[in-house]
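Spelled out from the first residue to the last, the chains are:
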Amino acid sequence: MSGRIVVLTGGVGGAKLVLGLMQVCPAEQITAIVNTGDDFRHLGLAISPDIDTLLYTLSGKANAAQGWGREGETWTFMEALKSLRGEDWFLLGDGDMALHVLRSHLLASGETPSSVTARFAAAWGLGLDILPMSDDPVATHVATDQGDLPFQRYFVEQRCMPAVRAIRFDGAGTARPAPGVIEAIRDASTRAILIAPSNPWLSVDPILAVPGIRDALAAAGAPVVAVSPIVGGQAVKGPTTKLMGELGLAVTNAAIADHYAGVIDGLLVDQRDGGAGVGIAHAVTDTLMKTLDDRARVAQAALELAERIAG
Ligand code: FO1
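This is a predicted model, so every value here is computed, not measured.

(A) Layout of the environment of L55. Note that L55 resides in helix α2 (residues 49–59). Separated by 69 residues in sequence, L55 and W124 have C-alpha atoms that sit 8.2 Å apart. Contacts of L55, omitting those with residues within four sequence positions, involve L99, F120, A121, W124, L126 and I130.

(B) Focus on the side chain of T53. Of note, T53 is situated in helix α2. We classify T53 as buried; its relative accessible area is 8%.

(C) Inspection of the sheet that holds strand β2 (residues 30–34) at higher detail. Taken in spatial order, the 7 strands of this open sheet run β5-β2-β1-β9-β10-β13-β14, and their pairing is parallel. Two strands close off the open sheet at either side, each with one partner strand: β5 (129–132) and β14 (281–285). Recorded for the sheet is a direction-independent mean angle of 20° between the axes of neighbouring strands. Pairing of strand β1 (residues 4–9) with strand β9 (residues 190–195), which is carried by 5 bridges, proceeds in the parallel orientation. Looking across to β9, one finds that V6 is bridged to I193.

(D) Representation of the site of the ligand in the model. Not every one of the 14 residues close to the ligand is listed here, only the nearest: D38, D50, L91, Q152 and V156. Here a nitrogen atom of the ligand and a side-chain polar atom of W68 are 3.3 Å apart. Between an oxygen atom of the ligand and a side-chain N or O atom of Q152, the distance comes to 2.7 Å. In isolation the ligand exposes 530 Å². Once the protein is present, 90% of that is buried. Those elements giving two or more residues to the shell around the ligand turn out to be α2, α4 (94–108) and α6 (151–157). The dominant element in the shell around the ligand, judged by the number of residues it contributes, is α6, at 4 residues.

(E) Looking closely at the packing of aromatic side chains. This structure, assessed with the given rule, holds 6 aromatic pairs. When the ring of F40 is compared with that of W89, the centres are 6.0 Å apart and the planes differ by 50°; the resulting orientation is tilted. With a gap of 49 residues between them, F40 in strand β3 (residues 40–42) and W89 in the loop between α3 (76–83) and α4 connect regions that are remote in the sequence. F40 gets classed as buried once you look at its relative accessible area, which sits at 18%. The exposure class of W89 is buried, given its relative accessible area of 16%. An aromatic cluster is defined as three or more aromatic residues linked by ring pairs; in this entry it consists of F40, W89 and F90. Of note, K61 hangs over the ring of W124, and the distance from its end group to the ring centre comes to 4.0 Å.

(F) Seen up close, the sheet that holds strand β6 (residues 139–144). The strand order across the open sheet built from 3 strands is β7-β6-β8, with neighbouring strands paired in antiparallel fashion. At either end of the open sheet lies a strand with only one pairing partner, and these are β7 (147–150) and β8 (164–170). Strand-to-strand twist across the sheet, computed as the mean angle between neighbouring axes with direction ignored, equals 25°. Pairing of β6 with β8, which is carried by 6 bridges, proceeds in the antiparallel orientation. Note on β8: the bridge partner recorded for A143 is A166.

(G) How the structure looks around the environment of S48. Among the structural elements, S48 can be located in the loop between β4 (45–47) and α2. Once the C-alpha coordinates of S48 and G180 are considered, the two residues, 132 residues apart in sequence, prove to be 19 Å apart. The residues touching S48, leaving out its near neighbours within four places in the chain, are T36, D39 and R103.

Conventions and cut-offs
- Residues numbered from 1 in each chain as written.
- Predicted model: local features only at pLDDT ≥ 70, side-chain atom pairs only at ≥ 80, totals over all residues.
- Heavy atoms only, no water.
- Helix = DSSP H or I, 4+ residues; strand = E, 2+ residues; numbered from the N terminus.
- Contact = heavy atoms within 4.5 Å.
- Buried < 20%, exposed > 50% of the residue type's maximum accessible area, 1.4 Å probe, protein only.
- Pairing = 2+ DSSP bridges.
- Axes fitted to C-alpha atoms, helices over the stretch in contact; angles between N-to-C directions.
- Near = heavy atom within 4 Å.
- Polar contact = N/O pair within 3.5 Å; in protein donor to acceptor, adjacent residues only side chain to side chain.
- Areas by Shrake-Rupley, 256 points an atom, 1.4 Å probe, with all protein chains shown as cover.
- Phe/Tyr/Trp six-rings, centres within 6.5 Å; stacked < 30°, edge-to-face > 60°.
- Lys NZ or Arg CZ within 6 Å of the ring centre and 35° of its normal.

Next comes the structure, spelled out in structure tokens:
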């Protein structure tokens with residue numbers, strides 16, 4: 001089928017779905033809109049984890065078991081950093097450092113995050129459009145029982161242990177959608193807009209918080225279908241299950257559908273949970289993505305649900 005596929009993604013689960021999409025439709029038809037709320041400056045470097053996880057995953061360089069960084073990474077830089085008593089809570093592999101150093105250099109030279117991301121995607125021959133949600137800084141912070149934490153301090157340094165009371169996205173109010181983001185959502189040739197099974201509160205909400213994006217999705221001609229991050233009554237990876245409990249939410253697909261109310265037209269749910277209480281158009285499949293075939297199956301099922309909704 002022709003037509004553009006737009007996918008909103010962040011984190012590890014998101015990258016898996018995009019890789020699945022790459023198996024079922026030409027890369028040139030895919031536009032990924034990526035969360036940049038995880039971005040932060042560390043040791044003077046501009047770090048953009050969700051962009052990098054996607055670049056590594058789609059280029060076959062990712063450390064799949066770890067979910068971030070490169071397969072076969074070496075750690076000479078970290079050993080030297082530790083010997084100098086540098087901050088060592090955030091691990092920067094030797095190969096990974098090339099991304100951070102080059103990105104930081106290009107940004108300092110005046111390039112935009114969009115331009116740098118497109119340059120890296122082209123260098124690795126990925127073929128799809130990878131768009132940061134915004135070229136303006138947006139920083140996810142979590143208010144916890146241990147105080148206010150920038151995202152990486154919560155996620156990595158504190159290993160998501162603090163109880164989350166609230167989440168905010170500093171800079172979102174004045175951030176503009178990156179070039180191409182609104183255009184892709186509104187494109188008449190766009191036949192489906194997918195929200196990957198990323199953490200809705202931590203990885204998708206920052207994208208929806210950029211002024212103009214939520215409204216564009218709500219008004220989009222193409223159906224918007226989310227893939228639920230819940231499998232068998234809990235989220236597969238990361239802090240989603242714990243976070244939902246802390247936010248006073250039941251870990252159900254009904255809660256996911258409620259969270260995306262007004263934005264999505266359909267929800268793809270796992271066969272272990274079924275569609276009870278979802279209330280909007282939905283489809284049921286095995287959404288556990290362990291193998292490449294799994295990822296292709298989930299991507300295909302999401303596209304078929306979108307097609308059914310487009311009717
Ligand atoms: N996640 C960790 O749990 N520990 C790390 O030391 C770590 C380093 C790191 C370096 C570069 C990068 O792009 C991602 C990195 N991540 C690490 C993952 C990062 O915290 C992301 O925010 C998560 O993938 C969630 O999106």
